[in-house]
Amino acid sequence: MLTCQQATRLLSEAQDRKLRLKEQWPLKLHLLICSGCDHFRQQMDFLRQACRRYSVAPPNAGDAE
Amino acid sequence: MSANDSPAGDALRDPSFLADLRRDLLRFAELQLRDQAAAEDAVQETLAAALSGQDRFAGQAALKTWVFAILKNKIVDTLRRRQRTATITSLVPDDDEQEDDFAVLFNPGRHWNPADRPQHWGDPEATFAQQQFWVVFEVCLTRLPENTARVFMMREFLGLETPDICLELALTPSHCHVILHRARMGLRLCLEQRWFTPENPIC
């Protein structure tokens, strides 16, 4: 059984490389029973989207000063 | 020719647009280079390249996107040059302290402490639509340790592939992954605390 700490590490690495099958299955199982890690997974997607948005043309964050 | 479909050079001669654009470019470059002089240089070169461009743009948003693409290439060049002249500091030191910061989020069995369990962040689009969010986002990026932030931004802003970054910075793949993981842990924690406030936890 994966720990949450191991699951978060795999979820982060999944942003950079394709996980091996023997990594994918325990992770899927863990996410089914752990809402915290499932939220973490969604947060990783959120970060990627935010970075993409920001780096295409940063919204005028400075204007809100 | 309509005003909305003009060469880059023309649009960039609008002083107020240029001033805003320059400020945004500079902030983006400083965030990644963490060196004001280098950031100024990159922005200067970017604007010079943009002014001489003959590409036509339908509106300022499209132009801005194009100028940022030029800037990203300049930043990659600057980072590569810096790497060659070996002025980059060792990537080890500022990372070590952080590992413990994140270990405290987990209990001895290495599962989330109830209070530290990641929350549901809701619809990303609704968040991205709020200008204040981007202020917090920048603050959180700025709070990442310098070298951690650099690796993360090479990956997520400049779109470099992880093996290229490792090669570029002479890191082992596993060290590279550790650094990126810490960056993401730091960024998500900061956003959760500063933006997705714990006042309305949705578990």
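See the structure shown above.
Asker: Lay out the overall build of chain B with the relevant residues and their values.
Answerer: Broken down by element type, chain B carries 10 helices and 2 strands. Taken from the N to the C terminus, the helices and strands of chain B come in the order β-α-α-α-β-α-α-α-α-α-α-α. Here chain B holds 203 residues, and the buried ones make up 50% of them. Counted over contacts in chain B with a minimum sequence separation of 6, partners at least 24 positions apart contribute 73%. For chain B, the exposed area adds up to about 9,900 Å²; of that, 53% sits on carbon and sulfur atoms.

Asker: Pulling in residues and values, what's your account of the side chain of A:Asp16?
Answerer: Mapping A:Asp16 onto the fold places it in the loop between α1 (4–13) and α2 (21–33). A distance of 3.0 Å separates the side chain of A:Asp16 from the side chain of B:Arg184, its partner in a polar contact.

Asker: Summarise the interface of chain B and chain A; cite the residues concerned and give the values.
Answerer: With 50 residues of chain B at the interface, the matching set in chain A holds 39 residues. Of the roughly 4,000 Å² buried between chain B and chain A on both sides combined, carbon and sulfur atoms contribute 62%. Of all residues in chain B, B:Trp134, B:His177 and B:Arg184 give up the largest surface area on contact with chain A, accounting jointly for 15% of the area buried on that side. For the interface between chain B and chain A, the tally reads 4 salt bridges.

Asker: I'd like a description of the pattern of salt bridges, backed by residues and values.
Answerer: Residue and element names in this part refer to chain B. Going through the model one piece at a time under the given rule, you end up with 18 salt bridges over all chains. One salt bridge in this structure joins Glu138 and Arg27, with 3.0 Å as the shortest N-O distance. On the criterion of sequence distance, the pair formed by Glu138 in helix α7 (residues 131–143) and Arg27 in helix α2 (residues 15–33) is long-range, its members being 111 residues apart. Neither residue differs from the other here; Glu138 and Arg27 are each classed as buried.

Asker: I'd like a description of the nonpolar core, backed by residues and values.
Answerer: In this structure, A:Phe46, B:Leu71, B:Phe137, B:Phe157 and B:Leu191 are the most contacted members of the largest nonpolar core, which totals 79 residues. Element by element, the count of residues in this core is highest for helix α10 (residues 173–194) of chain B, at 9 residues. Two domains each put at least three residues into this core: domain 1 (5–84) and domain 2 (93–194) of chain B. Among residues more than four places away in sequence, those in contact with B:Phe137 are A:Ala50, A:Cys51, A:Tyr54, B:Phe157, B:Leu187 and B:Leu191.

Asker: Which residues make up the state of the cysteines, and what are the values?
Answerer: Residues and elements named next belong to chain B. Scanning the model with the defined rule gives 1 disulfide over all chains in all. With a sulfur-sulfur separation of 2.0 Å, Cys140 is cross-linked through a disulfide to Cys190. In this structure the cystine formed by Cys140 and Cys190 twists about its S-S bond by roughly -80°; its chirality is therefore left-handed. Of this pair, Cys140 sits in helix α7 while Cys190 sits in helix α10, and the two are 50 residues apart along the sequence.

Asker: Give me helix α8 (residues 146–156) of chain B: which residues, what numbers.
Answerer: Here α8(B) lies mainly inside the structure; 10 of its 11 residues are buried. Those residues of α8(B) not exposed but buried are B:Asn147, B:Thr148, B:Ala149, B:Arg150, B:Val151, B:Phe152, B:Met153, B:Met154, B:Arg155 and B:Glu156.

Asker: Pulling in residues and values, what's your account of a negative patch on the surface?
Answerer: Residues and elements named next belong to chain B. Judged by side-chain charge, Asp35, Asp41, Glu45 and Asp77 come together as a negatively charged surface patch. Mapped onto the elements, Asp41 comes out in helix α3 (residues 36–51). Judged by relative accessible area, Asp41 falls into the partly exposed class, the value being 48%.

Conventions and cut-offs
Residues numbered from 1 in each chain as written. Chains lettered and ligands numbered in written order. Predicted model: local features only at pLDDT ≥ 70, side-chain atom pairs only at ≥ 80, totals over all residues. Heavy atoms only, no water. Helix = DSSP H or I, 4+ residues; strand = E, 2+ residues; numbered from the N terminus. Buried < 20%, exposed > 50% of the residue type's maximum accessible area, 1.4 Å probe, protein only. Contact = heavy atoms within 4.5 Å. Areas by Shrake-Rupley, 256 points an atom, 1.4 Å probe, with all protein chains shown as cover. Polar contact = N/O pair within 3.5 Å; in protein donor to acceptor, adjacent residues only side chain to side chain. Buried area = accessible area lost by both parts, 1.4 Å probe. Salt bridge = Lys/Arg side-chain N within 4 Å of Asp/Glu carboxyl O. Core = buried A, V, L, I, M, F, W, Y, C linked by side-chain atoms within 4.5 Å. Domains from an automatic or database assignment. Disulfide = S-S within 2.5 Å. Patch = residues over 30% accessible without salt bridge, like charges linked within 9 Å, V, L, I, M, F, W, Y side chains within 5 Å. Lys, Arg positive; Asp, Glu negative; His and termini not counted. Charge placed at Lys NZ, Arg CZ, Asp CG, Glu CD.

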